[in-house]
Amino acid sequence: MGFERVSVAKMEEVPPGSSRLVTVDGREVALFNVGGRFYAIGNRCPHRSGPLVRGQIEKVSEGEEGSTTLAVRCPIHGWLFELATGRGLTRDGASTPFYPVTCEGGEICLGAAQGESVGPSKPVSIEPGGMTG
Ligand code: FES
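The sections below set out a description of the structure shown in this document. Remember, predicted model here, so these are calculated numbers, not experimental data. (Residues numbered from 1 in each chain as written. Predicted model: local features only at pLDDT ≥ 70, side-chain atom pairs only at ≥ 80, totals over all residues.)

Looking only at helices and strands, one finds 0 helices and 9 strands in the protein. Taken from N to C terminus, the helices and strands of the protein fall in the order β-β-β-β-β-β-β-β-β. Considering the protein as a whole, with its 133 residues, one finds that 31% of them fall into the buried category. Pairs at least 24 residues apart make up 45% of the contacts formed inside the protein by residues separated by at least 6 positions. (Helix = DSSP H or I, 4+ residues; strand = E, 2+ residues; numbered from the N terminus. Buried ≥ 20, exposed ≤ 12 C-beta atoms within 10 Å, placed from the backbone. Contact = placed C-beta atoms within 7 Å.)

Moving on to unusual backbone geometry. In this structure, Asp 25 is a non-glycine residue whose phi angle is positive, near 55°. Its place among the elements puts Asp 25 in the loop between strand E2 (19–24) and strand E3 (27–34). Unlike most non-glycine residues, Ser 49 shows phi in positive territory, near 65°. Considering the arrangement of structural elements, one finds Ser 49 in the loop between strand E4 (37–42) and strand E5 (56–62). Judged by the 13 C-beta atoms lying within 10 Å of it, Ser 49 falls in the partly exposed class.

What follows deals with the sheet that holds E3. Read from one edge of the open sheet, 3 strands run E2-E3-E4, paired in antiparallel fashion. Since the sheet does not close on itself, it has two edges, and those belong to E2 and E4, each with one partner. Each strand axis lies, on average, 30° off the axis of its neighbour in the sheet, ignoring direction. Across 6 bridges, E3 lies against E4 in antiparallel orientation. Pairing of Val 34 across the sheet is with Arg 37, part of E4. (Pairing = 2+ DSSP bridges. Axes fitted to C-alpha atoms, helices over the stretch in contact; angles between N-to-C directions.)

What follows covers the sheet that holds strand E8 (residues 101–104). Pairing within the open sheet is antiparallel, and its 3 strands lie in the order E1-E9-E8. Strands with a single pairing partner mark the edges of an open sheet, and in this sheet they are strand E1 (5–10) and E8. When the angles between neighbouring strand axes are averaged without regard to direction, this sheet yields 35°.

Structure (structure tokens):
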């Protein structure tokens with residue numbers, strides 16, 4: 001896309017446990033601070049464009065080894081997306097772009113989007129919210 005790295009916010013503007021919507025290259029990006037580590041993924045859920053910036057952060061277990069990954073749950077119908085990669089964890093093929101994050105001089109900088117928003121590869125049923133906590 002049209003940039004290699006762009007500053008989107010000051011670190012103190014996004015304290016641990018918070019999120020912020022920023023616009024990069026004309027696209028909405030959801031920026032999260034989870035325990036002092038920053039993550040940035042496309043804000044619009046590939047299902048029905050729910051705002052992932054308002055989603056709940058969860059630790060999700062994957063595979064038989066029980067490895068865990070951090071994910072955001074879409075506030076509309078509850079699909080899950082891995083924060084580090086934008087990979088959809090709820091439906092095969094449904095993912096959102098992610099943006100590599102670096103911090104320099106107190107600024108949060110994003111690299112160009114990796115991957116594209118990909119919708120579900122097969123018809124899906126819509127589930128009610130299921131939000132917890
Ligand atoms: S809009 Fe995100 S799961 Fe439906």
